[in-house]
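Next come the chains, spelled out residue by residue.
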Amino acid sequence: MTELVVLASPEGKPAGTADKAAVHTADTPLHFAFSAWVVRDGQLLLTRRALSKLTWPGVWTNSFCGHPGPDEPTADAVLRRGRFELGLTGTPRLVLPDFAYRAVDSSGVVENEICPVYLFQTEDDPAPNPEEVDSFAWAPVRDVLAAVDATPFAFSPWMVEELTHEPLRAALLG
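Only a predicted model underlies this, so the values are computations on that prediction, with no experimental measurement involved. (Residues numbered from 1 in each chain as written. Predicted model: local features only at pLDDT ≥ 70, side-chain atom pairs only at ≥ 80, totals over all residues. Heavy atoms only, no water.)

A.B. asks: Where do I start with the overall build of the chain in this structure?
C.D. replies: Of regular secondary structure, the chain possesses five helices and twelve strands. Referenced to the eigenvectors of the C-alpha coordinate spread, the extents of the chain come out at roughly 40 × 30 × 30 Å. With 174 residues in all, the chain has 49% of them scored as buried. Of all intrachain contacts in the chain linking residues separated by at least 6 positions in sequence, the fraction that spans at least 24 positions is 67%. Carbon together with sulfur atoms contributes 55% to the accessible area of the chain, which is approximately 8200 Å² in total. Of note, the chain has its 13 positive side-chain charges centred 1 Å away from the centre of its 24 negative side-chain charges. (Helix = DSSP H or I, 4+ residues; strand = E, 2+ residues; numbered from the N terminus. Buried < 20%, exposed > 50% of the residue type's maximum accessible area, 1.4 Å probe, protein only. Contact = heavy atoms within 4.5 Å. Areas by Shrake-Rupley, 256 points an atom, 1.4 Å probe, with all protein chains shown as cover. Lys, Arg positive; Asp, Glu negative; His and termini not counted. Charge placed at Lys NZ, Arg CZ, Asp CG, Glu CD.)

A.B. asks: Looking at this structure, how should I read the UniProt feature "binding site: Mg(2+)" (unreviewed entry) in the chain?
C.D. replies: As recorded in UniProt, the feature "binding site: Mg(2+)" (unreviewed entry) lies at Glu 85. Along the chain, the position of Glu 85 falls in helix 2 (residues 74-86). Residues in contact with Glu 85, not counting those within four places in the same chain, are Phe 64, Cys 65, Ala 127, Pro 128, Asn 129, Glu 132 and Val 133. (UniProt positions renumbered as here; feature names shortened; annotations may be inferred.)

Put into structure tokens, the structure is as follows:
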């Protein structure tokens, strides 16, 4: 089954679709995505990306990410990917609607995304999909913020960049 991503114009409007498996290259076009953070009882759910991932394999990052499909509301994509990657059900809340980033991993593959950021409320325990998640850990939000500030190279670039935005930091600290 082909998973499609929605391409974006420089103005942030839908501009067609592309096969997700083929779009992430050294010349990745701008496309739509999302990033989600699970926080429960002052603890943040961090995940280590599966070693089989094309971009940033084995890197620690926020809880989960993904791409909305054609005509799929982003909040629905958050719910879909929460179930698929971590077996979670819950409620997404938009925190950073205008976040976008571009980053290049050590293999030369580029991420180039308009990527709204969500908090994801859940009472479920994670059940990671090994194709997506190598491992996970719950950590105190303040400890994660301190670790990212001290060693940004140890985390995904989108996680680090998202945490430079005060609305997200405030939402995580609740």
